[in-house]
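# Observations on chain architecture
Residue strings, one per chain:
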Amino acid sequence: MIFVGDGALLRRAVAHAAAQGYPVDLVCCEDPQDAGGAQHLRVPAPDGINAHADALAQACTDGIVWSLNNRRIFRAPLLSRGLRILNIHNGLLPRHRGLPSVAVLFALLNGEHEYGATLHEVDAGIDTGRVLAEHRFPIAPDARHFQVMLRGVRACQTLFEETLPAVAAGAALPPTPPPAGPTSYYGTRALARLADHRDHPAYAAATDLGPFAAHAPELAAAIATAMPAD
């Protein structure tokens with residue numbers, strides 16, 4: 001199997017798969033340390049994973065590609081190479097499509113009571129493939145952005161570890177709950193009117209990025225821009 005992504009979530013997934021005896025054929029990421037000693041292909045985010053379609057197809061021994069903490073978009077010709085590409089998404093689909101950091105922001109502003117992680121098949125859209133499994137958790141009334149993000153990351157890791165055996169075996173996964181609400185997409189464009197929400201009672205909690213500020217530069221910049229002038 002091949003892994004595509006970056007950071008601690010990717011490293012943990014690669015280490016777990018290797019420890020469980022699954023083949024780790026290639027890790028596509030920017031930092032070679034994230035590959036955990038496995039064969040590494042440097043692919044900076046969000047650049048050209050699709051330019052390496054032939055290399056991935058040749059390297060993959062079981063036809064499975066995992067995407068974790070990954071901002072690279074899978075397109076042609078990679079989608080036509082017969083690989084089963086699966087993404088672990090920080091958020092419940094289809095309600096929380098797009099950037100997890102932005103989705104968490106609006107989940108708190110919208111007063112949502114539930115968040116989580118989703119395993120889905122990758123198709124030509126963005127977070128639109130068939131949902132295979134979920135790991136849900138409640139949002140506490142006093143939850144802050146960084147706390148929900150951290151629980152989301154942990155949910156992603158748990159979901160990967162729970163579903164890895166079935167995916168590797170080609171077995172069916174248990175039925176998933178009904179979709180979590182209407183389809184919504186949260187990209188950088190959703191931040192254009194962030195200042196309009198400054199008076200929202202949940203604004204302080206929703207914009208408290210804590211240690212995740214360094215990992216969400218677009219959101220951090222939008223929050224700084226939305227601050228009232230002195």
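Note: the structure precedes this text.
Residues numbered from 1 in each chain as written. Predicted model: local features only at pLDDT ≥ 70, side-chain atom pairs only at ≥ 80, totals over all residues. Heavy atoms only, no water.

### Re the pattern of salt bridges
Opposite charge on two side chains makes pairing possible when the charged atoms of those side chains draw close. A full pass over the atoms with the stated rule returns 12 salt bridges. Across the salt bridge formed by Arg71 and Glu218, the nearest N and O atoms sit 2.8 Å from each other. Of the two residues, Arg71 sits in the loop between strand E4 (64–68) and strand E5 (84–90) while Glu218 sits in helix H6 (residues 217–226), which places them 147 residues apart along the sequence. Overall, the relative accessible area of 41% leaves Arg71 in the partly exposed class. Among the salt bridges present, the one from Asp196 reaches Arg193, with a minimum N-O distance of 2.7 Å. Classification of Asp196 as exposed rests on a relative accessible area of 52%. Where salt bridges share partners, they join Arg84, Glu121 and Arg130 into one cluster. (Salt bridge = Lys/Arg side-chain N within 4 Å of Asp/Glu carboxyl O. Helix = DSSP H or I, 4+ residues; strand = E, 2+ residues; numbered from the N terminus. Buried < 20%, exposed > 50% of the residue type's maximum accessible area, 1.4 Å probe, protein only.)

### Details of the nonpolar core
Counting residues in each nonpolar core, the largest one holds 53 residues, and the members touching the most others are Phe3, Trp66, Leu68, Leu119 and Phe160. With residues near it in sequence (within four places) discarded, Phe160 still touches Phe3, Ala13, His16, Ala17, Trp66, Leu68 and Ile88. Of all hydrophobic cores here, the second largest spans 16 residues; its members include Val43, Leu56, Leu83 and Val122. (Core = buried A, V, L, I, M, F, W, Y, C linked by side-chain atoms within 4.5 Å. Contact = heavy atoms within 4.5 Å.)

### Examining H6
An α-helix turns once every 3.6 residues. As a result, residues three or four positions apart point the same way. Among the residues of H6, those classed as buried are Leu219, Ala222, Ile223 and Ala226. Viewed end-on, H6 has its buried residues packed into an arc of 100°, placing them on one side of the element. Structurally, H6 contributes buried residues whose contacts are with helix H3 (100–109), helix H4 (145–169) and helix H5 (203–206). (Arc of directions from axis to C-beta.)

### Let's talk about the packing of aromatic side chains
If you walk through the whole model with that rule in mind, you get 4 aromatic pairs. Summarising the aromatic geometry, the rings of Phe3 and Phe160 are spaced 6.0 Å apart at their centres and angled 70° between planes, so their arrangement reads as edge-to-face. Of this pair, Phe3 sits in strand E1 (residues 2–5) while Phe160 sits in helix H4, placing them 157 residues apart in sequence. You can call Phe160 buried: its relative accessible area is 1%. (Phe/Tyr/Trp six-rings, centres within 6.5 Å; stacked < 30°, edge-to-face > 60°.)

### Observations concerning the sheet that holds strand E7 (residues 114–121)
Note on sheets: strands pair through backbone hydrogen bonds, and any given pair is parallel or antiparallel. Taken in spatial order, the 7 strands of this open sheet run E3-E2-E1-E4-E5-E7-E8, and their pairing is mixed. The sheet is open, and its two borders are formed by strand E3 (40–42) and strand E8 (131–138), each paired with just one other strand. When the angles between neighbouring strand axes are averaged without regard to direction, this sheet yields 15°. Against the sheet, helix H1 (residues 7–19) contacts E1, strand E2 (26–29) and E4, and its axis sits at roughly 170° relative to E1. Packed onto the sheet, H4 meets E1, E4, E5, E7 and E8 and runs at close to 145° relative to E8. (Pairing = 2+ DSSP bridges. Axes fitted to C-alpha atoms, helices over the stretch in contact; angles between N-to-C directions.)

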